[in-house]
Every structure is written in C-alpha cells, then in structure tokens.
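Each chain, letter by letter, is given below.
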Amino acid sequence: MLVTFQVALAENAEIRIIKQQIKSGGFLPSGDLYRNPDEKLVDIGKVIFESKHLSLNGNISCQTCHLDRFGSTDGIPIAAAVGGEGDGPKRLLSGAKLLPRNALAFWGRGAKGFDVFFWDGRVDFSAPKKISQFGSNPPSSDSLVTADHLPVVEIREMLQEDEFVQKNKNESVDKSKEVYKAIVQNLVKKEPEASRNLAKALGKDVSKLEYTDFARTLAAFIRSEFRLKPSKLENVILGKESFTQSELKGALVFYGKGACVTCHAGPHFSDFKFYTVPFPQLGFGRNGFGVDLGRYNVTFNTKDLYKFRTPPLYNVEKTGPYGHSGSVRTMEEAVTAHYDPLSLLAVDKMKQFDKFELAKRLSYSDSTTRVNYLSSEEVNHVVSFLKTLSF
Amino acid sequence: MNKFLISLNIIGSIACIGLATKFIALPFIGTKIYKEDYKTLMFLCDNVMQNHLIAKNKVNVDKSNESIKQLQAAEVGLLSCNDYDTMRKKLISWGLTENDLSQIGIEALEEKASDVRTFVRTHEIKY
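Each chain carries its own residue numbering, running from 1 in the direction its sequence is written. Both sets of labels track the order of writing: A upward for chains, 1 upward for ligands. With the structure being a predicted model, the display of local features is reserved for residues of pLDDT at least 70 and the display and counting of side-chain atom pairs for 80 or more, all residues being used for whole-chain, interface and lining totals. Each side-chain value is worked out from all heavy atoms of the structure, with water and hydrogens disregarded.

**Quick notes on the overall build of chain B**
Helix and strand labels come from DSSP, where a helix needs a run of H or I of at least four residues and a strand needs a run of E of at least two; each type is numbered from the N terminus. When you go through chain B residue by residue, the secondary structure sums to five helices and zero strands. Written out in order from the N terminus, the α and β elements of chain B read α-α-α-α-α. In this description the radius of gyration comes from C-alpha coordinates, and the expected globular size is given by 2.2 Å times residues to the power 0.38. Computed over C-alpha atoms, the radius of gyration of chain B comes to 24 Å, more than 25% over the 14 Å expected from 2.2 N^0.38 for 127 residues, which places it beyond the range of a compact globule. Its C-alpha atoms give chain B principal-axis dimensions of about 85 × 50 × 20 Å. Relative accessibility decides the category of a residue: with a 1.4 Å probe and only protein chains considered, values under 20% of the type maximum give buried, values over 50% give exposed, and everything between is partly exposed. Relative to its 127 residues, chain B shows a buried fraction of 29%. What makes two residues a contact is simply this: any of their non-hydrogen atoms within 4.5 Å. Counted over contacts in chain B with a minimum sequence separation of 6, partners at least 24 positions apart contribute 67%. Using the Shrake-Rupley algorithm and a 1.4 Å probe, accessible areas are obtained, with residue cover drawn only from the displayed protein chains. Split by element, the accessible area of chain B, about 8,500 Å² in all, is 62% carbon and sulfur. Counted as positive: Lys and Arg. Counted as negative: Asp and Glu, with His and the chain ends omitted from the count. Lys charges are placed at NZ, Arg charges at CZ, Asp charges at CG and Glu charges at CD. Between the mean site of the 16 positive side-chain charges and the mean site of the 15 negative ones, chain B shows a separation of 5 Å.

**Considerations on the interface of chain A and chain B**
Taken together, the contact between chain A and chain B spans 35 residues of the former and 25 residues of the latter. When chain A packs against chain B, the two sides together hide about 2,700 Å² of surface, and 67% of this comes from carbon and sulfur. Note on definitions: salt bridges are taken to be side-chain nitrogens of Lys or Arg within 4 Å of carboxyl oxygens of Asp or Glu. Counting the contacts that link chain A with chain B gives one salt bridge. E110(B) is the partner of R156(A) in a salt bridge, and the nearest nitrogen-oxygen pair spans 2.6 Å. We define a polar contact as two N or O atoms separated by no more than 3.5 Å, with the added condition that, inside protein, one atom must be a possible hydrogen donor and the other a possible acceptor, whereas residues neighbouring each other in sequence contribute only through side-chain atom pairs. Here chain A is connected to chain B by three residue pairs in polar contact (both at pLDDT 80 or more). Mapped by element, the contributors of at least two residues to the side of chain A that touches chain B are helix 5 (88–93) and helix 15 (352–364) of chain A. Take the side of chain A that touches chain B: its biggest share by element is four residues, from helix 15 of chain A. What gets called buried area is simply the loss in accessible area from a 1.4 Å probe that two parts show on being joined, summed for both.

**Quick look at unusual backbone geometry**
Residues and elements named next belong to chain A. Omega for the bond connecting G320 with P321 falls within 30 degrees of zero, at -5°, which places this linkage in the cis form. Of note in this structure, F118 is not a glycine but carries a positive phi near 75°. For F118, the position within the fold is in the loop between strand 1 (116–117) and strand 2 (123–124). Overall, F118 belongs to the buried group, its relative accessible area being 17%. Phi is positive for F289, close to 55°, though the residue is something other than glycine. Within the secondary structure, F289 is located in the loop between strand 3 (274–275) and helix 13 (296–299).

**Points about the domain arrangement of chain A**
Residue and element names in this part refer to chain A. Here the bounds of each domain stem from an automatic or database domain assignment. Here the domain parsing of chain A yields domain 1 (2–33 + 229–387) and domain 2 (39–225). Relative to domain 2, the C-alpha centre of domain 1 lies at a distance of 28 Å. The partner domain 2 presents 32 residues to the 30 residues of domain 1 that form the contact. Summing both sides of the interface, domain 1 and domain 2 together bury roughly 2,500 Å²; the carbon and sulfur share of this comes to 57%. It is F284, R286 and R309 in domain 1 that bury the most area against domain 2; as a group they hold 24% of the surface buried on that side. Summed over the shared surface of domain 1 and domain 2, the number is two salt bridges. Counting across the interface, domain 1 meets domain 2 through eleven residue pairs in polar contact (both at pLDDT 80 or more). Among the secondary structure elements, those contributing two or more residues to the side of domain 1 that touches domain 2 are helix 2 (30–33), helix 13 and strand 4 (308–309).

Shown next, in the form of structure tokens:
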C-alpha cells in the first residue's frame with residue numbers, strides 16, 4: 001500500500017515537472033496562435049488553392065502536393081510535380097518531374113510566430129531584416145503571402161519550361177514580373193468567378209488584379225484550413241486529459257535526456273533555426289549528384305552548409321516520410337537519425353561518392369542536435385509523446 | 001552514260017554512308033563508349049567547382065590563413081575540369097551536339113532520382 005502510494009506520488013511529481021517544462025518550452029494553446037488578416041478571402045483562396053490554372057503551363061495545383069489524406073503533404077519522399085498524373089506514390093511512379101526536397105506540411109503556417117518558410121528558410125521574416133528572393137523589396141509584409149509567390153515561378157514545381165518561360169527564366173525580379181503577369185491573366189481568364197469575387201472584395205477592377213492579390217487569397221485559405229487545433233497535449237496541459245505511461249515517458253525524454261527541446265521549442269515546436277542533422281540523402285538533391293547543401297544555397301555562408309530548418313512538429317504523425325529529402329519513412333527512424341544515423345544506412349552498399357558525401361554531412365553535423373543515446377523503447381516513447389501533437 | 005550513272009550511284013552511296021556514319025553511327029558509338037566516363041568527369045568537375053565556390057565564400061566571411069590556403073588549393077583543384085573539357089571536345093568531335101551533351105548532363109545530375117522510386121517501391125508506401 002505504501003509502495004503504491006509512493007509510486008503515485010512520484011508519477012504526480014513527474015507530471016507536474018513535465019507540464020512546467022512544456023510551458024517553459026514555449027507551448028501556447030492553439031487558439032492563441034491563429035491570425036488571419038484576410039479572413040474575407042478564405043473562400044476565394046480555396047478555389048485558387050485547388051485550381052490547376054494557378055500553374056501557368058504545368059497542369060498542377062497547390063492541392064496536388066498538399067493533400068488532406070497525407071497530412072497536408074504528398075506522402076512521398078520528394079515532391080512529384082509537373083508532368084505526372086494522380087497523386088502521392090502514383091504520381092511519383094507516373095514519371096512526374098521530381099523536386100529535390102520533401103513537400104512541407106502546412107499546419108500552423110502563417111500563424112503567430114511562424115515566419116520562416118521552406119527547408120532552407122529562403123523566406124524569413126522573423127527578424128527586422130526580412131529575407132526573401134525579392135531582396136529588400138518583398139511583395140508583401142506578410143511572410144506567408146511572400147512565400148506563396150515562390151512555387152508558381154519555380155520551374156518543374158509549377159512551371160514547365162516552354163519558350164515563354166525560357167525567355168524569362170533568369171533569376172531577376174523584373175523577369176519574374178512577366179511570369180506573374182501571365183499567371184494573373186491565365187487565372188482571370190480561367191477562374192473568372194473567383195477573380196471577379198477577389199476584385200470585388202479588394203475594391204478594385206479585375207484588370208487591376210496582381211499576383212500578390214491571389215497570393216493573399218492563398219495565404220488566407222492556408223491559415224484557415226491548416227490552422228492549429230486543440231491536440232491531446234493541449235488537453236493535458238489544460239487538465240482535460242492525462243498522458244498514458246508511454247506518452248509521459250516520451251515527454252520526459254523529449255524535455256530531459258533527449259534534449260529534443262533544445263531545438264524543437266516554442267509554440268510550434270521549432271526554434272526556426274538551422275542545423276545539420278545527418279539524415280540520409282535521397283534523390284538528386286538541390287545541388288545535383290545527390291548533394292543538398294541546404295541553407296548554404298540561400299546565404300552562401302559556409303557556416304550554413306547542410307543545414308535545414310528545425311521542422312515544426314504539430315501533426316508530425318501524419319506527414320511522413322521525414323527529413324529534407326524524405327529519406328526516412330517512420331517517426332522512429334526520424335528520431336534515430338538524430339543520434340545514430342549510421343544505423344539507417346547500408347554503408348557497405350553505398351557508392352564511393354555517396355560515402356564521401358555522408359562523411360562530409362557527418363562532419364558538419366551540429367553538436368546542438370546530438371541527442372543522447374536512446375534505447376529503442378525510449379524512441380517508441382518519444383514517438384508516443386509526439387503523437388499527442390496530432391489533431 | 002551507264003558508267004556515269006554507276007559512278008554517280010557509287011558517289012551517292014558513299015555520301016549517304018558517310019553522312020549516316022557522321023550523324024548517326026559515330027555519335028551513337030561515341031555515346032556508347034564514353035557516356036559513363038563523361039558523367040563521372042562531369043561529376044568530378046562539379047565537385048571541385050562546388051568546393052571552389054565554398055572556399056571562395058569562406059574567405060569572404062573568414063579571412064584566416066587556413067581559409068586562404070583552402071581557396072588556393074581549391075583553385076588548383078579546378079584543373080580537374082580540364083579532363084571534363086577534353087572529354088566534352090572529344091564527344092563533340094564524335095558528332096554529339098551540345099543538346100546531346102546537355103541531355104547526358106541532366107541524366108548524370110539526376111541519376112539518383114531513381115533511388116526515390118526504388119525507396120517508394122521497396123517500402124510499398126500505400127494509403
């Protein structure tokens with residue numbers, strides 16, 4: 001009887017400590033994070049999000065790679081974009097043009113505190129000096145609206161390389177204006193009702209619509225559709241539910257021995273900083289030949305070699321495969337990649353150059369992201385805890 | 001007259017064979033023989049060029065002796081691209097066009113795309 005009482009007391013202490021840690025780790029209730037300055041554009045945004053006419057010539061919509069049933073991503077390692085049919089694995093195997101990186105989930109995008117976009121943070125409005133491919137003059141002061149400008153002008157992603165694109169494809173903002181103009185003309189012609197509604201909502205003539213107006217509708221829809229909702233974790237913090245034994249043990253590893261909270265902190269479980277975690281590389285990589293130099297491609301600072309943004313974790317259970325190139329299939333493998341990456345690779349079967357690249361990635365990997373050794377049981381507990389972030 | 005026609009026929013045939021050899025057979029054989037070497041050299045050149053870019057950018061942010069030495073070494077390393085250039089010229093002399101070479105280049109760059117499809121098939125990702 002006394003022993004049972006002591007065990008219960010210890011468990012209560014653990015729960016109290018872990019709740020404190022979760023709060024001091026930056027947790028905020030989902031309702032506090034929602035912001036949507038263009039709420040009135042949500043319905044129009046839905047039409048544009050689902051429209052394949054948003055792609056000038058690629059017959060692809062945002063929805064093609066951001067599907068509900070794959071947790072707002074595409075369920076495959078790297079995005080299969082223009083030139084394919086169907087979605088998910090079917091699209092990948094149908095011969096679609098592949099992109100070098102894993103399609104990102106949309107949960108919480110553009111919510112409060114979420115201002116760093118893409119694996120390499122090429123749109124970063126988290127500091128007063130805003131970073132984007134538009135230099136010092138971004139099309140919007142809203143980070144998500146600015147981010148929505150990129151996929152539509154990305155060759156292979158939503159653009160096929162035809163004669164018009166070839167003429168305007170060098171990376172200059174002026175040239176991209178021509179492409180944006182053509183996209184708007186295409187949308188006005190093929191989505192006349194949504195375009196009329198948009199013009200009306202913004203109080204301007206249809207002929208005066210700009211791509212930024214359509215990007216605002218996309219941002220409004222994404223913010224609304226993929227808003228954070230109460231998760232089990234939120235319910236536990238509010239005292240409405242309790243952790244299971246495994247979830248509690250997982251939380252203790254996450255906030256304790258594993259020190260996952262060093263990077264997966266804040267209201268979105270990401271510090272939105274950049275680290276090298278030596279995940280296996282799949283596909284040809286952004287730099288070709290199976291190489292992806294990560295954030296370095298944005299900053300050209302050697303300190304950023306092989307670094308990628310800390311992934312936010314809400315609904316992580318639904319968004320596999322994981323890693324910047326989708327090279328690990330399960331959450332257990334994703335956790336393992338942080339402390340024992342070699343166990344995920346058949347090194348003896350790798351080509352010589354792949355081994356060389358792996359060694360390079362390992363040498364650049366951050367000590368910050370180095371997790372203590374975890375037993376497979378502990379990894380399973382961490383995964384149980386991560387599942388409490390689902391809704 | 002007959003002799004003239006026969007000569008014309010022979011000349012025509014030789015010309016046809018010559019053209020077919022130059023524009024079809026030689027590029028085909030050249031591709032078969034050198035394609036893999038070309039891809040390897042392209043990859044090696046790309047690698048030293050990447051190293052050079054990284055070393056150059058490193059000097060911009062860190063002007064230490066070590067960074068400068070690395071940049072100098074990376075500059076010398078660029079000599080590896082000579083082999084790639086030589087192979088490129090050789091393939092052009094075999095009759096391959098710039099377009100053919102670009103095609104092989106893209107194939108080399110994206111060679112590892114196949115591992116993604118293998119990954120998906122192996123794990124039978126189905127929903």
